[in-house]
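Understanding the architecture of this molecule
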Amino acid sequence: MEAALILLAAAAAALALAWARERRLRREDADRGRRDLAEQRFRREAELKEQSQRTAALFDRMVEGLIVVDAAGRIRMANRAAAGLFGFDAPASGKTVLEATRNHEVSAVVARLGRELEVLGHELRIESTGAPRFLQVNALALRDSGGASDGAILVFHDLTRLRQLEGVRQEFVANVSHELRTPLSLIKSASETLLDGGKEDPAALARFLAIIDKHAHRLALLIDDLLLLSTLDSGGLRLDKQPLAFRATVQDSIDDLQPRARARGVTLENSVPAALVVLADNERMRQVISNLLDNAIKYGRAGGKAAVGGRMLPNGRIEIAVEDDGPGIPKEAQERIFERFYRVDKARSREQGGTGLGLAIVKHVIQAHGGEVRVDSEPGSGSVFILTFPPAAPTQ
Ligand code: ADP
């Protein structure tokens, strides 16, 4: 009996020990489970945070402006480009679209997305950051899994540069048409006069044929200049760059222009040092110097002087200067004379047979050589056109 009690007590003690061990293990398991769960949640949150940071960085690198709004029309997220376009501080979360963009048209697009699924190609003009900008917005309504409205995404493309280029193109076409029409109508009226009987009078015949010849020549010059500019624009001009003794190139231009210069009593001078070498295309350089000297003859002082000089700068670049002692160029026009068809005095340029493209060609040809052109002029005391070229030999 006693032995049985002892056995029972021992079994109970063993059982108690086993329970205690079981309880301890369970407790340990529960602790471990809690720890695992917390760890999992921590890892998941870190992953989500990293993902959203990566998405935000990606959105911020987008060229297009991006705004995401919630169902109440408040901003959930706006990228840097959108903030730049409308001039607000990103991310602007919580603000309404109108508060952030200060643009009624954008908030009208958001309102439309309450009724429509998408708004595509809507164009708008904004003035929030100074100069007007032209934007195109494409927007998409968001729906949750139950089909209820969950806000919208708006993507803004900046069309300003495109609009500016369209404007430049339209202006160019209008200018070209005008430039072509003027000599053409003069040729037409001269030939009509001749056909109407003018040809019977030898003096009238000579006069009107001279008009036709002059304006046909002007048309040919204009078309040559236009074709050259279009080749320069398309990057299609092939330059045959050679080390040029620039003094000789300048002398060729001077020899070509001597009759015109003499007719206005203008002295042409070549003071480019004989040793000066420029890495350039000879034909194109001759054209550049001819355009500049031709202008010096046309717009400079009758009986005056035009000179071409050159030197090597300490950094190895080469500078060529074409200088006249004419009336100079007004300050406000100096920025614009390299534009196509810009003239300070339209009537004077046309009367001299100018196409209005000479300096635009100079600028493009020099840029194609990796160089630059600028003008320095004090009204009343002449003009200097300065060309700079990269070093003829690579510096060590
Ligand atoms: P254009 O065919 O009219 O000469 P350019 O492009 O060569 O066209 O020159 C543009 C304008 O710049 C000229 O119409 C003229 O008004 C001005 N210009 C150019 N060179 C000179 C100069 N040396 N002195 C004064 N004005 C000049």
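Residues numbered from 1 in each chain as written. Predicted model: local features only at pLDDT ≥ 70, side-chain atom pairs only at ≥ 80, totals over all residues. Heavy atoms only, no water.

The next thing to look at is empty space enclosed by the protein. Tallied over the entire structure, the rule returns one cavity of 30 Å³ or more. Looking at the largest cavity, its volume works out to about 30 Å³. For the largest cavity, the full set of lining residues is E179, P183, R218, L222, G354 and T355. Of all the secondary-structure elements, those providing two or more residues to the lining of the largest cavity are α5 (160-195) and α6 (202-233). A class-by-class count of the residues in the lining of the largest cavity yields two nonpolar, two polar and two charged. (1 Å grid on protein atoms, 1.4 Å probe; cavity = no way out; pocket = protein on both sides within 12 Å on 5 of 7 lines; lining within 4 Å. Points joined across faces, edges and corners; volume = space filled by probe spheres on them. Helix = DSSP H or I, 4+ residues; strand = E, 2+ residues; numbered from the N terminus. Nonpolar A, V, L, I, M, F, W, Y, C, P; charged D, E, K, R; others polar.)

Here the focus is the layout of surface pockets. Within this model, the largest pocket holds a volume of roughly 1100 Å³. Among the elements of the structure, α6, α7 (246-264), α8 (282-299), α10 (346-351), α11 (358-368) and β12 (383-389) are those that each provide at least two residues to the lining of the largest pocket. Class assignment for the residues of the lining of the largest pocket results in 14 nonpolar, 16 polar and 13 charged. By volume, the second largest pocket is sized at about 420 Å³. Every residue lining the second largest pocket is counted, 15 residues in all, and those nearest its centre are V168, E171, F172, E339 and R340.

Strands pair in a sheet through their backbones, by hydrogen bonds, and they do so in one of two ways: parallel or antiparallel. Overall, antiparallel pairing links the five strands, which are arranged β2-β1-β5-β4-β3 in an open sheet. The open sheet terminates on both sides in strands that have one partner only, identified here as β2 (75-78) and β3 (118-126). In this sheet, neighbouring strand axes are inclined to one another by 20 degrees on average, regardless of whether the strands run parallel or antiparallel. Note: strand β1 (residues 65-69) against strand β5 (residues 149-158), five bridges, orientation antiparallel. (Pairing = 2+ DSSP bridges. Axes fitted to C-alpha atoms, helices over the stretch in contact; angles between N-to-C directions.)

Attention now moves to unusual backbone geometry. With phi around 50 degrees, R102 is a residue other than glycine that occupies positive phi space. Topologically, R102 is positioned in the loop between α3 (97-101) and α4 (104-112). Judged by its relative accessible area of 57%, R102 is exposed. (Buried < 20%, exposed > 50% of the residue type's maximum accessible area, 1.4 Å probe, protein only.)

Right, let's talk about the pairing of β5 for a bit. Examined bridge by bridge, strand β4 (residues 133-143) and β5 share eight bridges and lie antiparallel to one another. Residue A141 lies in a different strand from β5, and its bridge partner there is A152. In textbook terms, the turn of a hairpin is the stretch between consecutive antiparallel strands, and for β4 and β5 this stretch comprises five residues, one of which, G147, has a positive phi near 90 degrees.

The residue Q287 is located in helix α8 in this model. For Q287, a relative accessible area of 22% corresponds to the partly exposed category. Along the primary structure Q287 and T249 are separated by 38 residues, whereas in three dimensions their C-alpha atoms are 9.6 Å apart.

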